[in-house]
Amino acid sequence: MPPPPLEPKILCVVGARPNFMKIAPLMAAIRRPDSGLKATLVHTGQHYDEAMNDQFFSDLGIPAPDINLEVGSGSHAVQTADIMRRFEPVVDSEQPAAVLVVGDVNSTIACALVAAKKGVPVIHVEAGLRSFDRTMPEEINRVLTDQISDLLFITETLARDNLQREGIAAERVHFVGNVMIDTLHHNLARAVPAHLTLAPVAYPEFAVLTLHRPSNVDDAVILRQLLETVVEISQKIPVVFPLHPRTRKQIGQHGLDALLEGPNLKVLPPLGYLQLLGLMKEARLFLTDSGGIQEETTALGTPCITLRHNTERPITVEQGTNTIVGQDRQRILAAVQDILEGGGKAGRIPEYWDGQASQRIVAILRTWLNARPTHGARP
Ligand code: UD1
């Protein structure tokens, strides 16, 4: 009997915290015995702290990476270049049928670029999102990754229009929903109750703040104004603030530590996925500059105030619970007041945010790969 045909191998890439909740359901779906595909997981090492990395692998049940490139931190150029240099020999030795990247971090564009130049198909999950703000490093990563991707999976239909405008052929684009919401559904019952995360303080109600975008935390004047506004908010409702390492560093460098000492401000280290999920379920409101949290709060019906001037995820505003307020003190305070007095926007769940996105992706990917002649990587 002839040997059974080899299952196409997908080289799946992760690097930074927001990638982990996207790759978890994809790895699980590809590694199901009936998927017809094989997965190898490559971690670039962009995030490496226990709290930013290991905790997520254990919370989300992601298998240990098969390969870790251990790049660590650096300027954008150094980090991106290091990832590329270390990823190229992996593509050469693994000879994957495709490289799958998620989201918009430096690891996403770096690995996509290596694969594309080697003639290996690039699959981009969470394609087509645009903030139209090129000062955001992620926006550059999004636009460029999409340009060199062969198969693009989108979370909302507006992404299709963005890609069409940029000349990307419609047949490469597939609307499948949101893999991050797959992860949310899968883990909701395991979320850590808020009182355990907040102990020993028992808050009857609370707000949560997350802040890490360079545009909010790197400039001393902006960061001070934002933190002063948060102190004002904490006089109305206690504010829980898990601190990203970049933000902690900037607060220290700008001499703003005293602003974190308010009685109603609870500063925590970065939280694991299940802890943050517990807070998202129970918080009265979220203040954030994260992309993922805008979507997760929409899926949970928790009011979200986004401390940015734009969003690449407009469906969270049109259909969800998200309000964009920028960095202006008055607008932030007014949005908080609206929620505390009126409950905030009701919102509804966007189409296909149903926990099945990774299954849809695997089905499309399998059909697409099987229809292709096989090519190895170019030297
Ligand atoms: C990166 C992503 C951003 C994502 C964010 C989530 C890019 C361009 N940005 O930003 O889209 O929303 O991750 O966290 O890829 N650091 C540590 N420990 C770590 C990782 C980082 O201390 O495990 C510190 C280092 O001082 C580092 C700084 O945080 O220089 C920034 O890390 P970096 O990976 O460059 O970007 P993030 O701000 O985390």
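Owing to the predicted nature of the structure, the values given are computational and were not obtained by experimental measurement. (Residues numbered from 1 in each chain as written. Predicted model: local features only at pLDDT ≥ 70, side-chain atom pairs only at ≥ 80, totals over all residues. Heavy atoms only, no water.)

Q: Tell me about the overall build of the protein, and name the residues and values.
A: From N to C terminus, the protein includes 16 helices and 13 strands. For 379 residues, the compact-globule formula gives about 21 Å, and the C-alpha radius of gyration of the protein, at 21 Å, lands near that figure. Counting only C-alpha atoms and orienting by the principal axes, one finds that the protein spans roughly 75 × 40 × 40 Å. Every one of the 379 residues in the protein was classed for burial, and the buried ones make up 56%. Here the protein displays about 15,800 Å² of accessible surface, and carbon together with sulfur accounts for 53% of that area. (Helix = DSSP H or I, 4+ residues; strand = E, 2+ residues; numbered from the N terminus. Rg over C-alpha atoms; globule rule 2.2 N^0.38 Å. Buried < 20%, exposed > 50% of the residue type's maximum accessible area, 1.4 Å probe, protein only. Areas by Shrake-Rupley, 256 points an atom, 1.4 Å probe, with all protein chains shown as cover.)

Q: Describe in detail the sheet that holds strand S4 (residues 98-102), supporting the description with residues and values.
A: Taken together, the seven strands give an open sheet; going across it, the order is S3-S2-S1-S4-S5-S6-S7, and neighbouring strands pair in parallel fashion. Every interior strand has two partners, whereas the edge strands, strand S3 (67-68) and strand S7 (173-175), have only one. As defined by bridge partners, strand S1 (residues 9-14) adjoins S4 across three bridges and the pair is classed as parallel. Across the sheet, Cys12 pairs through a bridge with Leu100, a residue of S4. Packed on one face of the sheet, helix H1 (residues 17-30) meets S1, strand S2 (38-43), S4 and strand S5 (122-125) and runs near 160 degrees to S1. (Pairing = 2+ DSSP bridges. Contact = heavy atoms within 4.5 Å. Axes fitted to C-alpha atoms, helices over the stretch in contact; angles between N-to-C directions.)

Q: Account for the packing of helix H12 (residues 273-282) against helix H13 (residues 291-300), naming residues and giving values.
A: Angle between the axes and distance between the axes are the two parameters that describe a pair of packed helices. Following both chains from N to C, one finds H12 and H13 inclined at 50 degrees, their axes separated by 10 Å at the closest point. In terms of axis orientation, H12 runs oblique to H13. For the pair H12 and H13, the sense of crossing is right-handed. Residues Tyr273, Leu276, Leu277, Met280 and Lys281 of H12 touch H13, and the partners they reach there are Ile293, Glu296, Thr297 and Leu300. Of the residues that constitute the contact of H12 with H13, the class distribution is six nonpolar, one polar and two charged. (Parallel < 35°, antiparallel > 145°, perpendicular 65-115°, else oblique. Left-handed = near helix turned anticlockwise from the far one by under 90°. Nonpolar A, V, L, I, M, F, W, Y, C, P; charged D, E, K, R; others polar.)

Q: Residue-level account of the pattern of salt bridges, with values.
A: The tally for this structure, following the rule as stated, stands at 22 salt bridges. Asp66 is the salt-bridge partner of Arg31, the closest N and O atoms lying 3.2 Å from each other. With a gap of 35 residues between them, Arg31 in the loop between H1 and S2 and Asp66 in the loop between helix H2 (50-60) and S3 connect regions that are remote in the sequence. For Arg31, a relative accessible area of 38% translates into the label partly exposed. Given the relative accessible area of 45%, Asp66 is considered partly exposed. Note that Arg246 and Asp218 form a salt bridge whose closest N and O atoms lie 3.1 Å from each other. Here Asp218 lies in the loop between helix H9 (214-217) and helix H10 (220-234) and Arg246 lies in helix H11 (residues 245-253), a separation of 28 residues in the sequence. (Salt bridge = Lys/Arg side-chain N within 4 Å of Asp/Glu carboxyl O.)

Q: Give a detailed account of the layout of surface pockets, specifying residues and quantitative values.
A: Considering only enclosed or pocket space, the largest pocket measures out at about 1,200 Å³ in volume. Forming the boundary of the largest pocket are 48 residues, of which His47, Met52, His212, His244 and Arg246 lie nearest the centre. Mapped onto the lining of the largest pocket, the elements with two or more residues apiece are H1, H2, helix H3 (76-94), helix H5 (137-147), H11, H12 and H13. Classifying every residue of the lining of the largest pocket gives 20 nonpolar, 17 polar and 11 charged. When residues of the lining of the largest pocket are assigned to domains, at least three fall in each of domain 1 (9-177 + 354-370) and domain 2 (192-342). (1 Å grid on protein atoms, 1.4 Å probe; cavity = no way out; pocket = protein on both sides within 12 Å on 5 of 7 lines; lining within 4 Å. Points joined across faces, edges and corners; volume = space filled by probe spheres on them. Domains from an automatic or database assignment.)

Q: Outline the domain arrangement of the protein, listing residues and values.
A: In terms of domain boundaries, the protein breaks down into domain 1 (9-177 + 354-370) and domain 2 (192-342). Interface of domain 1 and domain 2: buried area, both sides summed, is about 1,600 Å²; carbon and sulfur atoms make up 57% of it. Our count for the domain 1 to domain 2 interface comes out at four salt bridges. Taken together, the connections running from domain 1 to domain 2 amount to seven residue pairs in polar contact (both at pLDDT 80 or more). Mapped onto the side of domain 1 that touches domain 2, the elements with two or more residues apiece are H1, H2 and H5. No other element matches H2, which puts six residues into the side of domain 1 that touches domain 2. Its residues assigned to classes, the side of domain 1 that touches domain 2 comprises eight nonpolar, three polar and 10 charged. (Buried area = accessible area lost by both parts, 1.4 Å probe. Polar contact = N/O pair within 3.5 Å; in protein donor to acceptor, adjacent residues only side chain to side chain.)

Q: Break down unusual backbone geometry for me, citing the residues and quoting the values.
A: Put simply, Ala199 and Pro200 share a cis peptide bond, and its omega is 10 degrees. On the secondary structure map, Pro200 appears in the loop between helix H8 (194-198) and strand S8 (207-210). For Glu70, which is not glycine, the phi torsion reads 50 degrees and is therefore positive. Following the sequence through the fold, Glu70 ends up in the loop between S3 and H3.

Q: Break down the environment of Thr197 for me, with residues and values.
A: Mapped onto the secondary structure, Thr197 falls in helix H8. Looking at Thr197, the relative accessible area reads 8%, which means it is buried. Sequence separation between Thr197 and Leu268 is 71 residues, and the spatial gap between their C-alpha atoms is 9.1 Å.

Q: Let's hear about the site of the ligand: which residues, and what values?
A: Neighbouring residues of the ligand: 18 residues in total, closest Gln46, His47, Glu138, His212 and Arg246. At a separation of 2.8 Å, an oxygen atom of the ligand approaches a polar side-chain atom of Gln46. Here an oxygen atom of the ligand and a side-chain polar atom of His47 are 2.8 Å apart. Taking 740 Å² as the accessible area of the ligand by itself, protein coverage stands at 89%. Here the ligand is seated within the largest pocket. At the level of secondary structure, the elements contributing two or more residues to the shell around the ligand comprise H3 and H11. (Near = heavy atom within 4 Å. Sits in = over half its atoms within 2 Å of the grid points.)

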